[in-house]
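Topology and contacts: notes
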Amino acid sequence: QVQLVESGGGLVQAGGSLRLSCRASGSIFSLNYIGWYRQAPGKPRELVAGFTSGGATKYLDSVKGRFTISRDNAKNTVYLQMNSLKPEDTANYYCNYKLAWADYWGQGTSVTVSS
């Protein structure tokens, strides 16, 4: 079993920053398989940031240059540093651990960016 716990969400003004954390526990093969998604009201869930199979990072076009995903293997934690936040970044943010045989989600953390 795998457990994912997100934290770090909140209310911030446009232009501000937040750092989200996803702490993983259980049978984690590699943090490279953890990505960050978001879902705004009335919109589908979308991948915001993740890692490629080679460990490089990948981002949704609209967050490139503003968001940074990173990982701390010692803490079994994946972070999402979000800078220059915009009202359109408002959403529930989820981390996801996905392999061919596994698909786990955290409970989500809410991010609200006021204009």
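This write-up is about the structure you can find in this document. These numbers were taken from a predicted model, which means no experiment stands behind them.

1. Some remarks on the overall build of the protein chain
Across its full length, the protein chain carries 0 helices and 11 strands. The order of helices and strands in the protein chain, counted from the N terminus, is β-β-β-β-β-β-β-β-β-β-β. A compact globule built from 115 residues should have a C-alpha radius of gyration of about 13 Å, and the protein chain, at 13 Å, falls within 12% of that. Summarising its shape, the C-alpha atoms of the protein chain cover approximately 40 × 25 × 25 Å along the three principal directions. Taking as baseline every contact in the protein chain between residues at least 6 positions apart, the subset at least 24 positions apart corresponds to 54%. With the model as given, the accessible surface of the protein chain reaches about 6000 Å², and the carbon-plus-sulfur share is 48%. Charge-centre separation for the protein chain: the mean point of 12 positive side chains lies 3 Å from the mean point of 7 negative side chains.

2. What to know about the pairing of strand S10 (residues 102-105)
Two strands pair when backbone bridges link them, and strand S9 (residues 91-99) and S10 are joined in this way by 4 bridges, in the antiparallel orientation. Bridged to Asn96 within S10 is Trp105. Taken together, S9 and the strand that follows it, S10, pair antiparallel across an intervening segment of 2 residues.

3. Section: the side chain of Thr109
With respect to the helices, strands and loops of the structure, Thr109 is situated in strand S11 (residues 109-114). Since its relative accessible area comes to 10%, Thr109 is described here as buried. Here Gly9 takes part through its backbone nitrogen, which lies 3.1 Å from a polar atom of the side chain of Thr109. Aside from chain neighbours lying at most four places away, what touches Thr109 is Glu6, Ser7, Gly8, Gly9, Leu20, Ala91, Asn92 and Tyr93.

4. Concerning the nonpolar core
Core analysis: the biggest nonpolar cluster contains 30 residues, and Leu4, Ile34, Trp36, Phe67, Leu80, Met82 and Tyr93 have the highest contact counts within it. Considering every element that reaches this core, the biggest residue donor is S9, with 5 residues. Non-local contacts of Leu4, meaning those with residues more than four positions away in its chain, are made with Cys22, Arg23, Ala24, Ile34, Cys95, Asn96, Tyr97, Tyr104, Trp105, Gly106 and Gln107.

5. Some thoughts on the environment of Ala14
Tracing the sequence through the fold places Ala14 in the loop between strand S2 (10-13) and strand S3 (18-26). Considered as a pair, Ala14 and Thr112 are 98 residues apart in the sequence and their alpha carbons are 9.4 Å apart. Residue contacts for Ala14: discarding those within four places in its chain leaves Leu85, Pro87, Val113, Ser114 and Ser115.

What counts and how
Residues numbered from 1 in each chain as written. Predicted model: local features only at pLDDT ≥ 70, side-chain atom pairs only at ≥ 80, totals over all residues. Heavy atoms only, no water. Helix = DSSP H or I, 4+ residues; strand = E, 2+ residues; numbered from the N terminus. Rg over C-alpha atoms; globule rule 2.2 N^0.38 Å. Contact = heavy atoms within 4.5 Å. Areas by Shrake-Rupley, 256 points an atom, 1.4 Å probe, with all protein chains shown as cover. Lys, Arg positive; Asp, Glu negative; His and termini not counted. Charge placed at Lys NZ, Arg CZ, Asp CG, Glu CD. Pairing = 2+ DSSP bridges. Buried < 20%, exposed > 50% of the residue type's maximum accessible area, 1.4 Å probe, protein only. Polar contact = N/O pair within 3.5 Å; in protein donor to acceptor, adjacent residues only side chain to side chain. Core = buried A, V, L, I, M, F, W, Y, C linked by side-chain atoms within 4.5 Å.

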